[in-house]
Structures are given as structure tokens and as C-alpha cells.
Amino acid sequence: MGDFSIQDASLDNMAVSFHETDSVDLDLMEMVQKQPGVNETGNIYVSTFWQEFSDESWKILEDNFFKEEAIKDCINSCYTSGSYDYEACMNDYRKSKTLAGNTYGMGKFATGKLSVVETIDGSDKIDWEKFNSGNYVLATRWTMDGQFYINIVEPGDKVQIRSHNPKYAEITDEPVKTGSRTSYTSYENAPVKNGPQSRGQWSIFMLTTTFY
């Protein structure tokens, strides 16, 4: 994406339970920009949390994504053991209608480095002004070891994204199976993105390759 990438080391370690996404602050960015030879910089913001789906959206996801043989093989080989098979896993998914995932924010410099796969208008470039209007999103394709690429959404599909602005964060406390309690940050009461596309939904502008 560029000559150098600055981030916390935990983002490159999938084994850690917590990924630090706030390690690069504005002061550090200003120091980097002042270094000799630095011509241009750009930021990528990431929020890792559970993605929510409405009943309608979940049905589309299950009918068009989870029924792919590559997805079934992935679940059976990587995420299940013993009697916990694909159907048991799917039943748990159906109850919660949530999936773990990342939501990114990207500036013009980083966006211009993406490899475009599909767009609404069929072009091979990102229309920065249209994307920057705030009414469109970029989406990655699902991949397994670079062998399979499956679209989770298609260009022109509508999605809803709940705000994870820190001002909406609420600390939630609930019991766990061990008898103790656990606390986590909830955005359940945060607003869903409101835009002109269709009842507050964002339109998928294009699908891109995974981030590197």
C-alpha cells in the first residue's frame, strides 16, 4: 500500500486476544509527516466488533454466502470439533444474527491504493468524490488462503452500519457460564447510519481485494 506502514504489533498477530487500534495518534502522525523524504501519508481507521444483521439481511447472507461449499468446508475444518458441526454452528449464528468483523475508515491516499474488483458503474477506479460523500461503502470479498473469493455483498446492495463513536459507548455487565460476570462495551443504543440512499442505508459502491 505504501513504502512504510506504522501500526501496533498486535495487528499482525492473530493469536492475541486484543488488537490495539489506537496506537498511532495525531502527534505521531505529525512527526512522521515532518521526516525528510516523506511525500504523502494517509490513515486507515479500524473498529473490530460484532456486525449485526436484520432478519431480512441475514436470510440473504445465509442463502447467498453460507451455502457455498467453500464456506461449509471452512466452518467444518476450522471452527468445529466433535459433535459441533456446520449445522450446530449455523444454529448459533441464526440465534444471534451477528458475525465478528472489521469496519474500516479510509482517506483518499489509502483508498487510491486499493485494487478494484467490481463497481456499480463498471469502472475500474474509485470515484473519490462519490465515496467521500458518505453515502457509499467499500467491501472486501471473503477469501480462504487466497484460493476462493466469494462476494458477501454485490455492488449496489444496501447495508446498514451502526455508529461506534466513543460517545455512544455503554459498559454492559452480564453473567457467564462460570457463574461470574463479564463487562464489555456495547453500542446497542447507538444510531444507525442515516443517509439518502434508502431508509438510512448505505449503498455498496464496490468490492475490493483484502487489505494488505
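Residues numbered from 1 in each chain as written. Predicted model: local features only at pLDDT ≥ 70, side-chain atom pairs only at ≥ 80, totals over all residues. Heavy atoms only, no water.

## Description of the overall build of the protein
For step 1, the next point in the chain: Broken down by element type, the protein carries six helices and ten strands.
For step 2, the next point in the chain: When burial is assessed residue by residue, the protein has 24% of its 212 residues classed as buried.
For step 3, the next point in the chain: By element, 48% of the accessible surface of the protein is carried by carbon and sulfur atoms, the whole surface being about 14,600 Å². (Helix = DSSP H or I, 4+ residues; strand = E, 2+ residues; numbered from the N terminus. Buried < 20%, exposed > 50% of the residue type's maximum accessible area, 1.4 Å probe, protein only. Areas by Shrake-Rupley, 256 points an atom, 1.4 Å probe, with all protein chains shown as cover.)

## Overview of the nonpolar core
For step 1, the next point in the chain: Phe65, Phe66, Ile71, Ile75 and Trp142 are the most contacted members of the largest nonpolar core, which has 14 residues in total.
For step 2, the next point in the chain: Contributions of two or more residues to this core are made by helix H2 (55–66), helix H3 (69–78) and helix H4 (86–96).
For step 3, the next point in the chain: Leaving out residues up to four positions away in the same chain, Trp142 has contacts with Phe65, Ala70, Ile71, Cys74, Phe148, Tyr149, Ile150 and Ile152.
For step 4, the next point in the chain: Grouped together as the second largest cluster of nonpolar side chains are six residues, Met106, Leu114, Trp128 and Phe131 included. (Core = buried A, V, L, I, M, F, W, Y, C linked by side-chain atoms within 4.5 Å. Contact = heavy atoms within 4.5 Å.)

## With respect to the side chain of Asn151
For step 1, the next point in the chain: With respect to the element layout, Asn151 can be found in the loop between strand S6 (149–150) and strand S7 (158–159).
For step 2, the next point in the chain: A distance of 2.8 Å separates polar atoms of two side chains, one belonging to Asn151 and the other to Glu118.
For step 3, the next point in the chain: Here the side chain of Asn151 touches Glu154 through a polar contact of 3.2 Å, side chain to side chain. (Polar contact = N/O pair within 3.5 Å; in protein donor to acceptor, adjacent residues only side chain to side chain.)

## Let's talk about the environment of Ser186
For step 1, the next point in the chain: Inspection of the secondary structure assignment puts Ser186 in strand S9 (residues 181–186).
For step 2, the next point in the chain: Given a relative accessible area of 9%, Ser186 falls into the buried group.
For step 3, the next point in the chain: Spatially, the C-alpha atoms of Ser186 and Asp173 are 9.6 Å apart, while their sequence positions differ by 13 residues.
For step 4, the next point in the chain: Look past the residues within four positions of Ser186 in its chain and what remains in contact with it is Tyr168, Ala169, Glu170 and Thr172.

## What about the packing of aromatic side chains?
For step 1, the next point in the chain: The tally for this structure, following the rule as stated, stands at seven aromatic pairs.
For step 2, the next point in the chain: For the pair Trp58 and Tyr93, a centre-to-centre distance of 6.3 Å together with 55° between the ring planes defines the contact as tilted. Note that Trp58 is positioned in helix H2 and Tyr93 in helix H4, a separation of 35 residues in sequence.
For step 3, the next point in the chain: Relative accessible area serves as the criterion here: at 3%, Trp58 is assigned to the buried category. (Phe/Tyr/Trp six-rings, centres within 6.5 Å; stacked < 30°, edge-to-face > 60°.)

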